[in-house]
Amino acid sequence: MPLVSMKDMLAHASERGYAVGAFNPVDYASLKAMIEAAEELESPVIAQTSAKTVRYYGYKTIISWARELGENASVPIALHLDHGKDMNMIKSCIDHGWTSVMIDASDKPFEENLALSRKVVEWAAEKGVGVEAELGEIGGVEEEIVVAEEDAHLADPDKAERFCRELDLAVFAPAIGTAHGYYKGEPNVAFDLIQEIFQRTGTPLALHGGTGLPDETIQRCIQRGCAKVNISTNLKHVFVEGFCDYHSENPQDYEPLRLLKAQYEAMKNLIREKISQFGSAGMAKSA
Ligand code: 13P
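Residues numbered from 1 in each chain as written. Predicted model: local features only at pLDDT ≥ 70, side-chain atom pairs only at ≥ 80, totals over all residues. Heavy atoms only, no water.

Trainee: Report on the state of the cysteines, specifying residues and quantitative values.
Mentor: Going through the model one piece at a time under the given rule, you end up with 0 disulfides. No disulfide involves C221; its sulfur sits 4.9 Å from that of C226, the nearest cysteine. Among the residues examined, C221 registers a relative accessible area of 0% and is labelled buried. (Disulfide = S-S within 2.5 Å. Buried < 20%, exposed > 50% of the residue type's maximum accessible area, 1.4 Å probe, protein only.)

Right under this line is the structure:
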């Protein structure tokens, strides 16, 4: 089936109380691993490319992988731009066939964030592309975006309500206490804030910083309105460790395809585990 927008996918998840996993592919094989894992579990899935990955491979290469793998898949696949900060890149992703984009102007003053996000919503609407936008600032390191602990701040519920009223978003990413990368201490997730923002906006919420969050925390976030859970760092670690572990266990094996297979299987196992945890297994049938 053709690549789909996140909008209907996440509305379905939100109505039924599960979340769709959004994983960051770093190459063709990691994209294939997530799509195959999703097919095995009959789950929708979101492949989200970081800006760095887009720059590394270019628009045409990534969209050709996504079309080849996604259009032959038996489950709905969305190709999403994660943390778009460059308006030209966001527009190019929309023009090249991404079915969903994130505008992250969360470091700008509220009105400017709103105006930039509105522009993206206008571009996206013309092509049926879903939009994610962020409010408040999510801490930690996400590729080239570094938000120090002292700069991270939670989303304000009044502003969140206005933001979502003025923008037709597929998913809203308020800062709710999670952070990108592995957690140094106990994550301090603002569960009440998630609930309040979801009640006041009626918009499915994105849970950023999924790596290292305990299962119970993720379940509580899903119950309160998170319909998209982002996993990036964990997948990167498995990408590297899957390859290295095979090599340390088989130091004489220099057949690259066996190393790549081990790496691929390790990624697929992680994605299967996350899909089951988020409750989206079997949901492709009705999504
Ligand atoms: P992690 O790298 O912590 O999994 O966060 C991913 C993310 O939120 C991408 O936007």
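Trainee: How would you sum up the layout of surface pockets? Please name residues and give values.
Mentor: Each pocket or cavity is described by its volume, and for the largest pocket that value is around 490 Å³. Around the largest pocket, the lining is made up of 25 residues, and of these G139, G140, E149, A179 and Y183 lie nearest the centre. At the level of elements, β6 (139–142), β7 (145–147) and β9 (179–180) are the ones that each hand at least two residues to the lining of the largest pocket. Counting residues per element, the lining of the largest pocket draws most heavily on β6, which supplies 3 residues. Per-class residue counts for the lining of the largest pocket are 13 nonpolar, 8 polar and 4 charged. Empty space within the second largest pocket amounts to approximately 150 Å³. Around the second largest pocket sit S106, K108, P109, F110, N113, L135, G136, H153, L154, A155, D156 and K159, which together line it. (1 Å grid on protein atoms, 1.4 Å probe; cavity = no way out; pocket = protein on both sides within 12 Å on 5 of 7 lines; lining within 4 Å. Points joined across faces, edges and corners; volume = space filled by probe spheres on them. Helix = DSSP H or I, 4+ residues; strand = E, 2+ residues; numbered from the N terminus. Nonpolar A, V, L, I, M, F, W, Y, C, P; charged D, E, K, R; others polar.)

Trainee: Describe the site of the ligand, with residues and values.
Mentor: In the vicinity of the ligand lie 15 residues, with G181, G209, T211, S232 and T233 positioned nearest. D82 has a polar side-chain atom sitting 2.9 Å from an oxygen atom of the ligand. For the ligand, an oxygen atom lies 2.9 Å from a polar atom in the backbone of G181. Assessed atom by atom at 2 Å from the grid points, the ligand resides in the largest cavity. Across the shell around the ligand, the residue classes break down as 2 nonpolar, 11 polar and 2 charged. (Near = heavy atom within 4 Å. Polar contact = N/O pair within 3.5 Å; in protein donor to acceptor, adjacent residues only side chain to side chain. Sits in = over half its atoms within 2 Å of the grid points.)

Trainee: I'd like a rundown of the pairing of strand β8 (residues 171–174), residues and numbers included.
Mentor: Residue alternation in β8 divides its side chains into two sets, V171 and A173 and F172 and P174, and both sets are buried. Pairing between strand β5 (residues 130–135) and β8: 4 bridges, direction parallel. Considered in β8, the bridge of E134 is made with A173. (Pairing = 2+ DSSP bridges.)

Trainee: Run through empty space enclosed by the protein, naming residues and quoting values.
Mentor: Summed over all chains, the structure comprises 4 cavities of 30 Å³ or more. For the largest cavity, the lining is made up of 15 residues, of which E142, H180, G209, N230 and S232 are closest to its centre. At the level of secondary structure, the elements contributing two or more residues to the lining of the largest cavity comprise β3 (77–84) and β11 (226–231). Looking at the lining of the largest cavity residue by residue, the class counts come to 1 nonpolar, 12 polar and 2 charged. By volume, the second largest cavity amounts to about 60 Å³. Along the walls of the second largest cavity sit H83, K85, D104, S106, E134, E137, I138, G140, E142, I145, V147 and H180, which together make up its complete lining. Of all the secondary structure elements, the ones that give two or more residues to the lining of the second largest cavity are β6 and β7. Of the residues belonging to the lining of the second largest cavity, the class tally is 3 nonpolar, 4 polar and 5 charged.

Trainee: Let's hear about the pattern of salt bridges: which residues, and what values?
Mentor: Oppositely charged side chains are able to pair whenever their charged atoms sit close together. The final tally for this structure, using the stated rule, is 25 salt bridges. As a salt-bridge pair, K127 and D95 come within 3.3 Å of each other at their nearest N and O atoms. Of this pair, K127 sits in helix α6 (residues 110–127) while D95 is found in helix α5 (residues 87–96), placing the two residues 32 residues apart along the sequence. By relative accessible area, K127 is classed as partly exposed at 47%. (Salt bridge = Lys/Arg side-chain N within 4 Å of Asp/Glu carboxyl O.)

Trainee: Report on the pairing of β6, specifying residues and quantitative values.
Mentor: Where β6 lies against β9, 2 bridges are found, and the strand directions are parallel. Counterpart to G140 in the pairing with β9 is H180. Inspection of the sheet shows β6 paired to β7 by 3 bridges, in the antiparallel sense. By the bridge assignment for β7, G140 is matched with V147. A loop of 2 residues connects β6 with β7, the two strands running antiparallel in sequence, and E143 in this loop sits at a positive phi of about 55°.

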